[in-house]
Amino acid sequence: MSHYKTAPEDIVPLMQKFAFGAGNLANQLFPAALGAFMYYLVVAYKMDPLDAALLSSIPRLLDAITDPIMGYITDNTRSKWGRRKPYIFLGAFITGITFIIMWQLNPEDSSTFHFWYILLLSFVFYIGYTIFATPLIGLGYEMTSDYNERTRLMASSQIIGQLAWMIAPWIWWVIAQPNIFPTQTEGVRTVAIITGILCLFLALLPALLCKEIDQTNLTGRSDLSLKDFKKNMLNLFKGMKEILINKQFLRVCGATFLVFNGFQIIAQFSLFIIVYYMFNGDYGAAGQWPAWYNTLAAASTMFLVIPIITKMAEKWGKKNAFIISTFISIIGYSMKWWGFNPEITWLMFIQVPFMSFGIGGLFTLMMSMTADLCDLDELNNGMPRKEGTFGAVYWLMVKIGSALALGLSGLILSIVGWDQNMPTQTMETLTNLRIADVIVPVVTALLAILTMWNYNITEDKANEIRKELVKRRGRL
């Protein structure tokens, strides 16, 4: 395999890598924190679990609609500030401030009031989140044109972003501590303010510190005025069609769907297995073990997995790095059968670094591959470049899969015989749950490997595409 030295002008400066990573941290911390706060809607505010589930899913429908529209808007924007950064700046403020307001709940108000209050603010929150996140992803795709520097950029971004999954388990724990907050409801209100301000600050950094490509050579963009609404809608669907018939992009989306949702389906099972299998349903005895389990997973991804995968991708190519890392995760998932041992509690940590190769490799490599595919799309379909639309479609697939995963997770719990009204579960139920906890991610990981087997954008081909584009319209 040929290797190309990254040109100095294609290297993203360290400060810009940090700023983009900070934006990615905010992008991951918002949904990670929402999970903890939704938990306290049921526990602290006594909301019906079904209503809480609806609050998690209904706004996602709006999110699914607005993502591709925002991708099209940011791809076709003309402004002296760029086509990404103005939206990142605006979206950061909308999302951060709305998050704070959304969780200033009065425990004396009714559950019905809480439901409609959060539902309405969730619509505002997710609109702001789309305005922020979609251009942020597009910005990352275009910050460098180099095959390997794209992987290094996404790796540094994912390393910083993993902090969200180290922080989130402790949000759940801190709110519940009576020596910190007199009530859980006060904990929710206070921690929401801290979380919202932190995310707002992080989300602003890419808008303030990252540089966009020069728009001079970005021809072919549409006029976004309302008088051309019909034309814009036709162009939006035309662009999405061009993306969705790209076989290599469909492979990337399919593999992401499988790996991420295999992980998502069984994500909450570890908590149930730790508490009910290892500690016989005693949350007090389980203590901080679940939080430390998730923290170690994030730490392994940050400090071990992503650096190794980055080197693998540079040496053997992105596809081969994905296949190897996914196979290592299969080993980790299989080890869970022996790792969850009531007699040796700490043994649960043995499988964590191996499992982390799955998710750790996934977004580092797939986002880097998608940036390469933006070049392929320009080669085949011409201008305008569609980084924003590619990012929107990619994450739309992830979000649809997440919604499906939540439903399948509940279905599996029902099939194995889980009884939420019982303080303990039968050994048959726990055994079936542990089998599902291993089988589901192993099967989806194997299918993902098959999906990516014939992916054909190598380093050589990516550089050939880039040379042809530069010949056609000059360097961006």
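Going by the structure above, here's the rest.
Criteria and thresholds
Residues numbered from 1 in each chain as written. Predicted model: local features only at pLDDT ≥ 70, side-chain atom pairs only at ≥ 80, totals over all residues. Heavy atoms only, no water. Helix = DSSP H or I, 4+ residues; strand = E, 2+ residues; numbered from the N terminus. Rg over C-alpha atoms; globule rule 2.2 N^0.38 Å. Buried < 20%, exposed > 50% of the residue type's maximum accessible area, 1.4 Å probe, protein only. Areas by Shrake-Rupley, 256 points an atom, 1.4 Å probe, with all protein chains shown as cover. Lys, Arg positive; Asp, Glu negative; His and termini not counted. Charge placed at Lys NZ, Arg CZ, Asp CG, Glu CD. Patch = residues over 30% accessible without salt bridge, like charges linked within 9 Å, V, L, I, M, F, W, Y side chains within 5 Å. Salt bridge = Lys/Arg side-chain N within 4 Å of Asp/Glu carboxyl O. Contact = heavy atoms within 4.5 Å. Phe/Tyr/Trp six-rings, centres within 6.5 Å; stacked < 30°, edge-to-face > 60°. Polar contact = N/O pair within 3.5 Å; in protein donor to acceptor, adjacent residues only side chain to side chain.

Some remarks on the overall build of the chain
In step 1: Counting its regular elements, the chain contains 17 helices and zero strands.
In step 2: Here the chain has a C-alpha radius of gyration of 22 Å; the compact-globule value for 476 residues is 23 Å, and the two agree.
In step 3: Out of the 476 residues in the chain, the part that is buried amounts to 57%.
In step 4: Accessible surface computed for the chain: about 20500 Å², of which carbon and sulfur atoms make up 68%.
In step 5: With 37 positive and 33 negative side-chain charges, the chain shows a spacing of 9 Å between the two charge centroids.

Details of a nonpolar patch on the surface
In step 1: Together, M15, F18, F89, F93, I97, I101, L208 and L209 give the surface a local cluster of nonpolar side chains, amounting to about 720 Å² of exposed area.
In step 2: Inspection of the secondary structure assignment puts M15 in helix α1 (residues 14-43).
In step 3: Using a relative accessible area of 52% as the deciding quantity, one classes M15 as exposed.

Some words on the side chain of T185
In step 1: Among the secondary structure elements, T185 is positioned in helix α7 (residues 184-209).
In step 2: Judged by its relative accessible area of 9%, T185 is buried.
In step 3: Contact partners of T185, with chain neighbours within four places excluded, come to A44, Y45 and P107.

Observations regarding the packing of aromatic side chains
In step 1: Applying the stated rule across the entire model yields 18 aromatic pairs.
In step 2: Ring centres 5.4 Å apart and planes at 90° place the aromatic pair F115 and W116 in the edge-to-face group.
In step 3: Of the residues examined, F115 reaches a relative accessible area of 12% and is grouped as buried.
In step 4: By relative accessible area, which is 48% here, W116 ends up partly exposed.
In step 5: Centre to centre, the rings of F125 and Y129 are 6.0 Å apart; their planes meet at 5°, and the pair counts as stacked.

Concerning the side chain of E242
In step 1: Tracing the backbone shows E242 in helix α8 (residues 229-244).
In step 2: The exposure class of E242 is buried, given its relative accessible area of 15%.
In step 3: A polar side-chain atom of E242 sits 2.8 Å from a polar atom in the side chain of K238.
In step 4: Setting aside residues up to four positions removed in sequence, E242 forms contacts with D377, N381 and K386.

Topic: the pattern of salt bridges
In step 1: Under the definition given, this model contains 20 salt bridges.
In step 2: Here D75 ties to R84 by a salt bridge, and the two come within 2.9 Å at their closest N and O atoms. For the pair formed by D75 and R84, the shared burial category is buried.
In step 3: Classification of R84 by relative accessible area gives buried; the value is 0%.
In step 4: Bridged by salt links that share partners, the residues D75, R83, R84, E142, R150, K318, D372, D375, E378, R385 and E387 form one connected network.

Let's talk about the environment of Q288
In step 1: You can see Q288 is positioned in the loop between α11 (283-286) and α12 (289-316).
In step 2: For the pair Q288 and P169, spaced 119 residues apart in sequence, the C-alpha to C-alpha distance is 9.5 Å.
In step 3: When residues no more than four places from it in sequence are discounted, the contact partners of Q288 are W170 and W173.

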